[in-house]
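What follows is the residue order along each chain.
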Amino acid sequence: MKKDFSYKSVKKWIILVSIVLVVMTFYVLRQLPDTLNVIMFTKGVIGVELLNKDFVELDEDIFFYKTGNVAPLIEHYEVKGYTFDEQFGAGYVFYQNDKLITFSSQTVTRWHSIMITQ
């Protein structure tokens, strides 16, 4: 016995999924820091979760990564010519050409963080 999917049932599912997505978008929007928007957040999650990247460059001074996995990002900065000096809590101190440069880490979700150039 086959079930006949009608246009009405498909339409109801599409409406339900759309409502859930809108509600989730507004919830995520309220939780995001000022430096991120929904598009940047989505790009970061897709990169680190689905594409298994160590980090995703969202902007020239914002990197998205999995919380606790900051070592590949430090290596990336060192390849770009920065010398890692030390960490103070959520702050990271680098030097480039005898100039002090600080980066700060900010938790976005329980599983994700961003690194911001100060």
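The structure under discussion appears in the preceding block.
Structure report, in brief. From a predicted model like this one, the values you see are computed outputs, not experimental measurements.

1. What about the packing of aromatic side chains?
Enumeration according to the criterion identifies eleven aromatic pairs in this entry. Look at Phe 55 and Phe 63: their rings are 5.7 Å apart centre to centre, the planes differ by 75 degrees, and that puts the pair in the edge-to-face class. Each of the two residues, Phe 55 as well as Phe 63, counts as buried. Residues Tyr 82 and Phe 94 carry aromatic rings whose centres are separated by 6.2 Å and whose planes lie at 75 degrees to one another, so their mutual orientation is edge-to-face.

2. Regarding the pattern of salt bridges
For the structure on display, the rule yields one salt bridge. With its nearest N and O atoms 3.9 Å apart, the salt bridge here joins Glu 49 to Lys 66. Here Glu 49, found in helix 2 (residues 38–50), pairs with Lys 66, found in strand 2 (residues 62–66); they are 17 residues apart in sequence, far enough to count as distant. Assessed through its relative accessible area of 32%, Glu 49 is described here as partly exposed.

3. As for the nonpolar core
Core analysis: the largest hydrophobic core is formed by 13 residues, its most contacted members being Val 70, Leu 73, Tyr 77, Tyr 92, Phe 94, Phe 103 and Met 115. Elements that contribute at least two residues to this core include exactly strand 2, helix 3 (71–79), strand 4 (91–96) and strand 5 (99–107). For this core, the element with the most residues is helix 3, which contributes three residues. Sequence-distant contacts of Tyr 77, that is, excluding residues within four places in its chain, are made with Phe 63, Tyr 82, Phe 94, Phe 103, Met 115 and Thr 117. Listed in part, the twelve residues of the second largest apolar core include Met 40, Phe 41, Phe 64 and Ile 114.

4. Considerations on the side chain of Ser 105
Inspection of the secondary structure puts Ser 105 in strand 5. A polar atom in the side chain of Ser 105 sits 2.5 Å from the side chain of Tyr 65.

5. Section: a nonpolar patch on the surface
A contiguous nonpolar patch, built from Trp 13, Leu 16, Val 17, Val 20, Leu 21 and Met 24 and spanning about 600 Å² of accessible area, is present on the exposed surface. Within the secondary structure layout, Leu 16 lies in helix 1 (residues 7–31).

Rules used throughout
- Residues numbered from 1 in each chain as written.
- Predicted model: local features only at pLDDT ≥ 70, side-chain atom pairs only at ≥ 80, totals over all residues.
- Heavy atoms only, no water.
- Phe/Tyr/Trp six-rings, centres within 6.5 Å; stacked < 30°, edge-to-face > 60°.
- Buried < 20%, exposed > 50% of the residue type's maximum accessible area, 1.4 Å probe, protein only.
- Salt bridge = Lys/Arg side-chain N within 4 Å of Asp/Glu carboxyl O.
- Helix = DSSP H or I, 4+ residues; strand = E, 2+ residues; numbered from the N terminus.
- Core = buried A, V, L, I, M, F, W, Y, C linked by side-chain atoms within 4.5 Å.
- Contact = heavy atoms within 4.5 Å.
- Polar contact = N/O pair within 3.5 Å; in protein donor to acceptor, adjacent residues only side chain to side chain.
- Patch = residues over 30% accessible without salt bridge, like charges linked within 9 Å, V, L, I, M, F, W, Y side chains within 5 Å.
- Areas by Shrake-Rupley, 256 points an atom, 1.4 Å probe, with all protein chains shown as cover.

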